[in-house]
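One letter stands for each residue in the lines below.
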Amino acid sequence: MKKFLTMMALALGGTSLMSLSALHAAELKPDMEAAKGKVAMCIGCHGIPDYRTAFPEVYHVPKIGGQNAKYIENALKEYAKGDRKFQTMHGIAATLTDQDVVDIAAYYAAQTASTPVNPQK
Ligand code: HEC
(Lines give C-alpha, C1' and ligand atoms only; values in the text may rest on other atoms or scores of the structure.)
Protein backbone atom coordinates (compact mmCIF):
# COMPACT_ATOMS: atom_id res chain seq x y z
CA MET A 1 0.00 0.00 0.00
CA LYS A 2 2.78 2.37 0.93
CA LYS A 3 4.55 1.64 -2.32
CA PHE A 4 1.32 2.20 -4.20
CA LEU A 5 0.81 5.58 -2.52
CA THR A 6 4.35 6.56 -3.39
CA MET A 7 3.67 5.66 -7.01
CA MET A 8 0.47 7.67 -6.97
CA ALA A 9 2.32 10.63 -5.53
CA LEU A 10 4.93 10.32 -8.25
CA ALA A 11 2.26 10.09 -10.92
CA LEU A 12 0.42 13.08 -9.52
CA GLY A 13 3.59 15.10 -9.25
CA GLY A 14 4.65 13.90 -12.67
CA THR A 15 4.27 15.65 -15.92
CA SER A 16 1.19 14.38 -17.66
CA LEU A 17 -2.35 13.52 -16.72
CA MET A 18 -2.18 10.80 -19.35
CA SER A 19 0.13 8.68 -17.23
CA LEU A 20 -2.28 9.02 -14.32
CA SER A 21 -5.25 7.82 -16.31
CA ALA A 22 -3.21 4.98 -17.79
CA LEU A 23 -2.28 3.91 -14.27
CA HIS A 24 -5.91 4.14 -13.27
CA ALA A 25 -7.13 2.04 -16.19
CA ALA A 26 -4.57 -0.66 -15.46
CA GLU A 27 -5.93 -1.00 -11.92
CA LEU A 28 -9.46 -2.00 -12.91
CA LYS A 29 -9.93 -5.73 -12.54
CA PRO A 30 -13.17 -7.34 -13.63
CA ASP A 31 -15.36 -8.52 -10.76
CA MET A 32 -17.57 -11.30 -12.11
CA GLU A 33 -19.69 -11.49 -8.96
CA ALA A 34 -20.44 -7.77 -9.03
CA ALA A 35 -21.20 -8.06 -12.74
CA LYS A 36 -24.12 -10.42 -12.08
CA GLY A 37 -26.00 -7.62 -10.36
CA LYS A 38 -25.04 -5.10 -13.00
CA VAL A 39 -26.20 -7.00 -16.07
CA ALA A 40 -29.77 -7.15 -14.74
CA MET A 41 -30.46 -4.00 -16.73
CA CYS A 42 -29.05 -5.49 -19.94
CA ILE A 43 -30.76 -8.87 -19.84
CA GLY A 44 -34.16 -7.45 -20.71
CA CYS A 45 -32.92 -6.61 -24.18
CA HIS A 46 -29.72 -8.60 -24.71
CA GLY A 47 -30.87 -11.91 -23.30
CA ILE A 48 -33.95 -12.87 -25.23
CA PRO A 49 -34.21 -15.48 -27.98
CA ASP A 50 -33.94 -13.91 -31.42
CA TYR A 51 -32.62 -10.81 -29.73
CA ARG A 52 -35.56 -8.63 -30.54
CA THR A 53 -37.33 -6.17 -28.39
CA ALA A 54 -40.86 -4.98 -28.91
CA PHE A 55 -40.40 -1.67 -27.15
CA PRO A 56 -40.40 1.10 -28.20
CA GLU A 57 -40.49 -0.55 -31.61
CA VAL A 58 -39.42 -3.89 -32.97
CA TYR A 59 -35.72 -3.90 -33.67
CA HIS A 60 -32.88 -6.28 -33.68
CA VAL A 61 -30.70 -6.37 -30.57
CA PRO A 62 -27.13 -7.50 -31.17
CA LYS A 63 -25.89 -10.56 -29.38
CA ILE A 64 -23.18 -9.53 -26.94
CA GLY A 65 -22.55 -12.80 -25.09
CA GLY A 66 -19.21 -14.25 -26.17
CA GLN A 67 -18.15 -10.96 -27.69
CA ASN A 68 -14.59 -9.82 -27.03
CA ALA A 69 -14.37 -7.88 -23.73
CA LYS A 70 -12.44 -5.01 -25.26
CA TYR A 71 -15.02 -4.70 -28.01
CA ILE A 72 -17.85 -4.47 -25.45
CA GLU A 73 -15.91 -1.93 -23.37
CA ASN A 74 -15.26 0.22 -26.41
CA ALA A 75 -18.85 0.00 -27.60
CA LEU A 76 -20.18 1.06 -24.19
CA LYS A 77 -17.77 3.97 -23.98
CA GLU A 78 -18.71 5.07 -27.48
CA TYR A 79 -22.41 4.97 -26.65
CA ALA A 80 -21.73 6.90 -23.44
CA LYS A 81 -19.80 9.60 -25.30
CA GLY A 82 -22.30 9.70 -28.13
CA ASP A 83 -19.76 8.58 -30.74
CA ARG A 84 -22.10 5.71 -31.37
CA LYS A 85 -25.66 6.83 -31.59
CA PHE A 86 -28.48 4.82 -30.14
CA GLN A 87 -30.71 6.49 -27.61
CA THR A 88 -31.43 3.66 -25.19
CA MET A 89 -27.85 2.42 -25.21
CA HIS A 90 -26.62 5.95 -24.66
CA GLY A 91 -28.95 6.36 -21.69
CA ILE A 92 -27.70 3.14 -20.15
CA ALA A 93 -24.01 3.44 -20.99
CA ALA A 94 -23.87 6.98 -19.63
CA THR A 95 -24.80 5.71 -16.15
CA LEU A 96 -22.03 3.10 -16.01
CA THR A 97 -18.76 3.72 -14.18
CA ASP A 98 -15.45 2.52 -15.67
CA GLN A 99 -15.56 -0.35 -13.20
CA ASP A 100 -19.10 -1.30 -14.29
CA VAL A 101 -17.95 -1.38 -17.91
CA VAL A 102 -14.99 -3.64 -17.11
CA ASP A 103 -17.16 -6.00 -15.01
CA ILE A 104 -19.95 -6.22 -17.57
CA ALA A 105 -17.56 -6.69 -20.49
CA ALA A 106 -15.83 -9.57 -18.69
CA TYR A 107 -19.20 -11.12 -17.82
CA TYR A 108 -20.45 -11.15 -21.38
CA ALA A 109 -17.06 -12.13 -22.83
CA ALA A 110 -17.10 -15.24 -20.63
CA GLN A 111 -20.38 -16.47 -22.10
CA THR A 112 -20.33 -19.27 -24.63
CA ALA A 113 -22.84 -20.85 -26.98
CA SER A 114 -23.95 -23.16 -24.18
CA THR A 115 -24.62 -20.38 -21.68
CA PRO A 116 -28.37 -20.18 -20.95
CA VAL A 117 -29.90 -17.45 -23.07
CA ASN A 118 -31.29 -15.51 -20.17
CA PRO A 119 -29.13 -16.34 -17.17
CA GLN A 120 -30.61 -15.77 -13.77
CA LYS A 121 -28.57 -14.06 -11.13
C1 HEC B 1 -33.75 -1.19 -24.23
C2 HEC B 1 -33.02 -2.34 -24.76
C3 HEC B 1 -31.53 -2.43 -24.39
C4 HEC B 1 -30.98 -2.48 -23.14
C5 HEC B 1 -31.69 -2.44 -21.79
C6 HEC B 1 -29.54 -2.63 -23.33
N7 HEC B 1 -29.26 -2.66 -24.66
FE8 HEC B 1 -27.39 -2.77 -25.48
N9 HEC B 1 -28.19 -2.54 -27.35
C10 HEC B 1 -29.54 -2.47 -27.64
C11 HEC B 1 -29.71 -2.27 -29.07
C12 HEC B 1 -31.03 -2.15 -29.81
C13 HEC B 1 -28.40 -2.22 -29.61
C14 HEC B 1 -28.02 -1.95 -31.07
C15 HEC B 1 -27.87 -0.46 -31.18
C16 HEC B 1 -27.24 0.02 -32.44
O17 HEC B 1 -27.75 -0.30 -33.51
O18 HEC B 1 -26.22 0.73 -32.34
C19 HEC B 1 -27.47 -2.40 -28.50
C20 HEC B 1 -26.10 -2.45 -28.64
C21 HEC B 1 -25.22 -2.83 -27.64
C22 HEC B 1 -23.82 -3.09 -27.82
C23 HEC B 1 -23.05 -3.05 -29.14
C24 HEC B 1 -23.12 -4.42 -29.73
C25 HEC B 1 -22.42 -4.55 -31.06
O26 HEC B 1 -22.44 -5.66 -31.62
O27 HEC B 1 -21.83 -3.58 -31.54
C28 HEC B 1 -23.31 -3.43 -26.60
C29 HEC B 1 -21.88 -3.81 -26.27
C30 HEC B 1 -24.41 -3.36 -25.66
N31 HEC B 1 -25.55 -3.00 -26.32
C32 HEC B 1 -24.29 -3.62 -24.31
C33 HEC B 1 -25.32 -3.45 -23.38
C34 HEC B 1 -25.14 -3.58 -21.96
C35 HEC B 1 -23.82 -3.99 -21.29
C36 HEC B 1 -26.33 -3.30 -21.38
C37 HEC B 1 -26.66 -3.23 -19.89
C38 HEC B 1 -25.80 -2.34 -19.10
C39 HEC B 1 -27.27 -3.02 -22.46
N40 HEC B 1 -26.61 -3.11 -23.65
C41 HEC B 1 -28.63 -2.73 -22.30
C42 HEC B 1 -30.57 -2.56 -26.73
C43 HEC B 1 -30.44 -2.54 -25.35
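Here is what the cut-offs are and how they apply
- Residues numbered from 1 in each chain as written.
- Predicted model: local features only at pLDDT ≥ 70, side-chain atom pairs only at ≥ 80, totals over all residues.
- Core = buried A, V, L, I, M, F, W, Y, C linked by C-beta atoms within 7 Å.
- Buried ≥ 20, exposed ≤ 12 C-beta atoms within 10 Å, placed from the backbone.
- Helix = DSSP H or I, 4+ residues; strand = E, 2+ residues; numbered from the N terminus.
- Contact = placed C-beta atoms within 7 Å.
- Expected span 1.5 Å × (residues − 1).
- Arc of directions from axis to C-beta.

An unreviewed UniProt entry annotates the protein as Cytochrome C originating from Pandoraea faecigallinarum.

Colleague: Where do I start with the nonpolar core in this structure?
Modeller: Counting residues in each nonpolar core, the largest one holds twelve residues, listed as Ile64, Ile72, Ala75, Leu76, Tyr79, Ala93, Val101, Val102, Ile104, Ala105, Tyr107 and Tyr108. Every element with two or more residues in this core is listed here: α5 (69–81) and α7 (98–109). Element by element, the count of residues in this core is highest for α7, at six residues. Leaving out residues up to four positions away in the same chain, Ile72 has contacts with Ile64, Gln67, Ala105, Tyr108 and Ala109.

Colleague: I'm lost on the environment of Gln67 in this one. Help?
Modeller: By secondary structure assignment, the location of Gln67 is in the loop between β2 (59–60) and α5. Residue Gln67 is classed as partly exposed on the basis of its C-beta count, with 15 C-beta atoms lying within 10 Å. Along the chain, Gln67 and Ala105 lie 38 residues apart, while their C-alpha atoms are 8.4 Å from each other. Apart from residues no more than four positions distant in its own chain, Gln67 is found in contact with Ile72, Tyr108 and Ala109.

Colleague: How do you make sense of α5 when you look at a structure like this?
Modeller: For an α-helix, the turn length of 3.6 residues means that residues three or four places apart are oriented alike. With 13 residues, α5 should cover 18 Å at 1.5 Å per step; its first-to-last C-alpha distance of 18 Å lies within 8% of that length. If you check which residues of α5 are buried, you get Ile72, Ala75, Leu76 and Tyr79. Down the axis of α5, the buried set is contained in an arc of 95 degrees. They therefore lie on one face. Those residues of α5 that are exposed and angled more than 90 degrees off the buried face are Lys70 and Lys81. On its buried side, α5 packs onto α6 (87–93) and α7.

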